[in-house]
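Here is how the chains run, residue by residue.
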Amino acid sequence: MEEVKDKIVSIEKPELIAPPEWKPVIVGILCNWCSYAGSDLTGTSRTQYPPNIRIIRVPCSSRVDPWFIIKALQTTADGVLISGCHPGDCHYISGNYYARRRFLVTKELLKMVGFHEHRVQFSWVSAAEGAKFAQVVKKVTEDVVKLGPLHLYKKENFSK
Amino acid sequence: MARVGVFVCFCGANIADFVDVPTVVEEAKKIREVKFAVDYKYMCSDPGQQMIRDAIVQYRLTSIVVAACSPRMHEKTFRKALSDAGMNPYLLEVANIREHSSWVHQKDKKAATDKAGDLVRMAVAKSIANEQLHEISVPVTKRALVIGGGIAGIQAALDIADARIPVTLVERSPSIGGRMAQLDETFPTLDCSQCILTPKMVDVASHPFIELIPYSEVIELDGYVGNYKAKIRKKASYVNFKSCTGCGACWQKCPVKVPNEYNMGIDTRKAIYTPFPQAVPNKPVIDAKHCTMLLKGKCGICAKFCEKGAIDFKMTDEVIEREIGAVVVATGYDLWDATPYEEYGVGRYKDIINSLEFERMVSANGPTGGLPVRPSDGKVPKTVVFIKCVGSRDKAKGIEFCSKICCMYTAKHAILLHHKVHDSRAYIFYMDIRAAGKGYEEFVNRAQVETGAVYLRGRVSKIYQKGEKLMVRGEDGQLGQEVEVEADLVVLATAIIPDKENPALARLLGISYDKYGYLSEAHPKLRPVETAKAGIFLAGCTQAPKDIPETVAQASACAAKVCGLFAGDTIKKDPMVSTVNKDFCSGCQNCVKVCPYQAIVTEDIPLGHGAKEMRTVAKINEGVCQGCGSCVAICRSMAINLAGFTDPQIINEIVAI
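Residues numbered from 1 in each chain as written. Chains lettered and ligands numbered in written order. Predicted model: local features only at pLDDT ≥ 70, side-chain atom pairs only at ≥ 80, totals over all residues. Heavy atoms only, no water.

1. What to know about the interface of chain A and chain B
Chain A puts 45 residues into the contact, and the matching count from chain B is 48 residues. For the pair chain A and chain B, the summed buried area comes to about 4,200 Å², and 59% of that belongs to carbon and sulfur atoms. The three residues of chain A that bury the most area against chain B are Arg54, Arg57 and Arg63 of chain A, which together make up 16% of that side's buried surface. Linking chain A with chain B are 4 salt bridges, by the criterion used here. (Contact = heavy atoms within 4.5 Å. Buried area = accessible area lost by both parts, 1.4 Å probe. Salt bridge = Lys/Arg side-chain N within 4 Å of Asp/Glu carboxyl O.)

Next comes the structure, spelled out in structure tokens:
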């Protein structure tokens, strides 16, 4: 199985070069107690980061259904960031562990159907880590910019 | 069809300077469902809220979007405005265009405006799927748990108990009193610390509404606000407190000597000990790590001399349970170990001590009978160098914050030194003197004038031994030259750090902490004593360094919060809980397994209308559910939804970007 996994490569086509006016859209799904509070702290401390992320608040990272990630990639997003509390610090005791497991499986699935692994990313950001949140967003945005616009499995491509 | 009202806030200049607010309003008006959109300078102000209330009535709105600051800030305010206008408060959505747009994209107004427009559109899309929700009432257990018996815990426990609410006070060490019991005199009045603390300690022990559980630790906390269940491990003391009279025969006869924590290890205590003479409760405990009877089965002298037969070597740890409604955490502080300051020779030179060790020496009940002495030869020092900010405000050594109390206690130490050794002189190396507080600046002036203490503004670069003396080489920044002081004793005002077990405790309680281990408050300015978890409050240095008056004030604030929480027979709980659609539930019970609160049980319902065959479905106890949503994401038949964060709401948000 490991060997098969290694052989899977992204089927995203690099020749689809981004038009100059293209700006990536990243959907950030953050847990209310750590990462969302952390992103608020980023704002309060006026730490600047790229303006491509659109943040959605959920109570816990374990609320994130793989469906959300897939739906985002199908419709509006070029990349997805899921962020929760650090391991052991979950406001709901163990939610972030479920989120982590679910995310790893989802990521494998997405890789298998051809998405580049940098399209979806996961991070731990606590309520005190405003600066870290800015760094995470910066990194995800840079990664997605490198990959270019996401055409794979976009719904409009199927309707044509 | 939904009729949404959009209200965009300028937040003074906070939003308006970096986001073109009128454009956001125009963009919002383009959305089909938006029937009304407007901007205003301060939406949270009374006229702003009035605009919302008026528009709800005038335009028959079905949901409201406020584009302003973080929902963590003013969601409650706006919800209240909605209910004042007769609308269900949960039909509100907040678009966070301040923390998530104007404040973080200050260099690109167009991008920030576009993003704000997107955020508003997302919130509108979500609000269309919002449902009317109603607060849930849950019963409340009127008993508070206070963790830590220092001055913070003592004050909180007394204030809560005075309101006739039962309190369980758990203290890790054999006696309450904490750090304050170790202090000699307190700034800025030079009150004797013990004299003002011990009456409070006795009050705790004798208060009819306080249950004091010393020598024990909280090991588990389950439940939710108003209905917590705590497990407390009472460590084996090997002394039966009921029959012990506290006569002291046992510890006088005990042959095993152990470094005395109360005196910062300057002298020794016995393996069976009371931490200090005024201890509450004044009953000895056996230190199992050092008692030879417990380690090797030899000795037992204490048992022989105990007339009451109170010594019981077979005692074991005991776990007790308490049902409680609220928790006050007051675990206090520790001193940072200054070993990383190699240039000072910490650990190499005996005559370098920290400020608590100095405090114990000058204390009348201390190991040296109230006289400062050099640990190396026992001589009384004539020249003492105090170095402030050792660790604190030093990013290179890992602690960036100011420990807040060192400026004041160092001034106090200079005065105490002068009182104890009249012909002595104190040299104080400082970075800044931070004496903000009632009577504090005057106190520092008093130290300088009365004792002739020499304040040198600058850092110490090196300490080295020269004969019996310690040579302290530093900088006098005001003269701009190097100085060298021949010192008999060096006292380091080391940084204050939180208790090392704070992270573990925070995990156990389900609250958050910062990178230093200080427990985090819900809001640094407006909710300084609450944590993000309802019903858990913080008092004292467990949250940040602070002095005694501030600690006491915060402890009393905690007590007020607890009393407020317990004022009614029920408490209101957010209606963001999961519900099961039984028609869809396949009875796989995956949700039962993932629920961290055991809020999901199963029930049997008839297979069809009037059928005799039964099938199993999940059932959620809404009082216990905390609304994390784990069960929603695990449910394979999509039978569970979380109110306020339903699948349609989140999908709407994603699609609307």
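2. A few points about empty space enclosed by the protein
In total, this model carries 8 cavities of 30 Å³ or more according to the counting rule given. The volume enclosed by the largest cavity comes to roughly 200 Å³. Tyr36, Ile55 and Arg57 of chain A together with Val94 and Glu653 of chain B are, among the 16 residues lining the largest cavity, the residues nearest its centre. Elements with a minimum of two residues in the lining of the largest cavity: strand 2 (53-58) of chain A together with helix 3 (71-84), strand 4 (92-96) and helix 5 (109-128) of chain B. (1 Å grid on protein atoms, 1.4 Å probe; cavity = no way out; pocket = protein on both sides within 12 Å on 5 of 7 lines; lining within 4 Å. Points joined across faces, edges and corners; volume = space filled by probe spheres on them. Helix = DSSP H or I, 4+ residues; strand = E, 2+ residues; numbered from the N terminus.)

3. Describing the pattern of salt bridges
Residues and elements named next belong to chain B. For the coordinates displayed, the defined rule picks out 46 salt bridges over all chains. Lysine 80 is paired through a salt bridge with aspartate 84; the nearest N and O atoms lie 3.5 Å apart. With lysine 80 and aspartate 84 both in helix 3, this residue pair falls 4 residues apart, about one helical turn. Of the charged contacts in the structure, one is a salt bridge between lysine 561 and glutamate 530, with a shortest N-O distance of 3.6 Å. Of this pair, lysine 561 sits in helix 15 (residues 548-565) while glutamate 530 sits in the loop between helix 14 (502-509) and strand 29 (536-538), and the two are 31 residues apart along the sequence. Its relative accessible area of 37% is what places lysine 561 among the partly exposed residues. (Buried < 20%, exposed > 50% of the residue type's maximum accessible area, 1.4 Å probe, protein only.)

4. What to know about the domain arrangement of chain B
Examined at the domain level, chain B breaks down into domain 1 (4-128), domain 2 (144-235 + 318-332 + 499-565), domain 3 (249-305), domain 4 (335-497) and domain 5 (578-656). Domain 1 of chain B and domain 4 of chain B are separated by 55 Å when their C-alpha centres are compared. (Domains from an automatic or database assignment.)

5. Focus: unusual backbone geometry
All names here are of chain B. Cis rather than trans, the peptide bond between phenylalanine 187 and proline 188 has omega equal to -5°. Within the secondary structure, proline 188 is located in the loop between strand 8 (185-186) and strand 9 (191-192). Of note, the bond from valine 280 into proline 281 is cis; its omega dihedral lies within 30 degrees of zero at 0°. Positionally, proline 281 belongs in the loop between strand 15 (272-273) and strand 16 (285-286). Not every positive phi belongs to a glycine, and arginine 60 is a case in point at roughly 50°. Along the chain, arginine 60 turns up in the loop between helix 2 (46-58) and strand 3 (63-68). Taking relative accessible area as the criterion, arginine 60 reaches 56% and is therefore assigned exposed. Positioned with a positive phi, tyrosine 215 is a non-glycine residue whose angle comes to about 55°. Looking at the secondary structure, you find tyrosine 215 in the loop between strand 10 (210-213) and strand 11 (216-224).

6. A few points about the state of the cysteines
The bond known as a disulfide is covalent and runs between the sulfur atoms of two cysteines. In the structure shown here, the tally under the stated rule is 2 disulfides over all chains. Between the sulfur atoms of cysteine 34 of chain A and its disulfide mate cysteine 85 of chain A the distance is 2.3 Å. As the torsion about the S-S bond is roughly 95°, the cysteine 34 of chain A-cysteine 85 of chain A disulfide counts as right-handed. Remark: cysteine 85 of chain A occurs in the loop between strand 3 (79-84) and helix 4 (95-112) and cysteine 34 of chain A occurs in the loop between strand 1 (26-31) and helix 2 (35-44); sequence separation between them is 51 residues. Pair check on accessibility: cysteine 34 of chain A and cysteine 85 of chain A agree, each one buried. Paired through a disulfide, cysteine 192 of chain B and cysteine 195 of chain B show a sulfur-sulfur distance of 2.3 Å. The S-S bond linking cysteine 192 of chain B to cysteine 195 of chain B shows a torsion near 85°; that makes this disulfide right-handed. Judged by relative accessible area, cysteine 192 of chain B falls into the partly exposed class, the value being 28%. (Disulfide = S-S within 2.5 Å.)

7. Side note on the sheet that holds strand 12 (residues 227-234) of chain B
Residue and element names in this part refer to chain B. Spatially, the 3 strands line up as an open sheet ordered 11-12-17, and their pairing is antiparallel. The sheet is open, and its two borders are formed by strand 11 and strand 17 (318-324), each paired with just one other strand. Neighbour to neighbour, the strand axes of the sheet diverge by 20° on average, direction disregarded. Relative to strand 17, strand 12 runs antiparallel, the two being bridged by 7 bridges. Among the inter-strand pairings, alanine 230 is bridged to a residue of strand 17, identified as arginine 322. (Pairing = 2+ DSSP bridges. Axes fitted to C-alpha atoms, helices over the stretch in contact; angles between N-to-C directions.)

8. Overview of the nonpolar core
Counting 158 residues, the largest nonpolar core has Ile69 of chain A together with Val6, Phe7, Ile64, Leu145, Val327 and Val328 of chain B as its most contacted members. In terms of residue count, the dominant contributor to this core is helix 6 (residues 151-162) of chain B (8 residues). Setting aside its immediate chain neighbours within four residues, isoleucine 64 of chain B contacts Gly5, Phe7, Ile52, Ile56, Leu82, Met87, Leu91, Leu92, Glu93 and Ser127 of chain B. Counting residues in each nonpolar core, the second largest holds 62 residues, with Phe187, Cys406, Ala426 and Ala495 of chain B among its members. (Core = buried A, V, L, I, M, F, W, Y, C linked by side-chain atoms within 4.5 Å.)

9. Section: the packing of helix 1 (residues 21-30) of chain B against helix 5 of chain B
Residues and elements named next belong to chain B. With their axes 9 Å apart at the nearest point, helix 1 and helix 5 run at an angle of 40° to one another. Like other packed secondary-structure pairs, helix 1 and helix 5 cross with a definite hand, here right-handed. Contacts between helix 1 and helix 5 involve Thr23, Val24 and Ala28 on the former and, on the latter, Thr113, Ala116, Gly117 and Val120. Its residues placed into classes, the contact of helix 1 with helix 5 shows 4 nonpolar, 3 polar and no charged. (Left-handed = near helix turned anticlockwise from the far one by under 90°. Nonpolar A, V, L, I, M, F, W, Y, C, P; charged D, E, K, R; others polar.)

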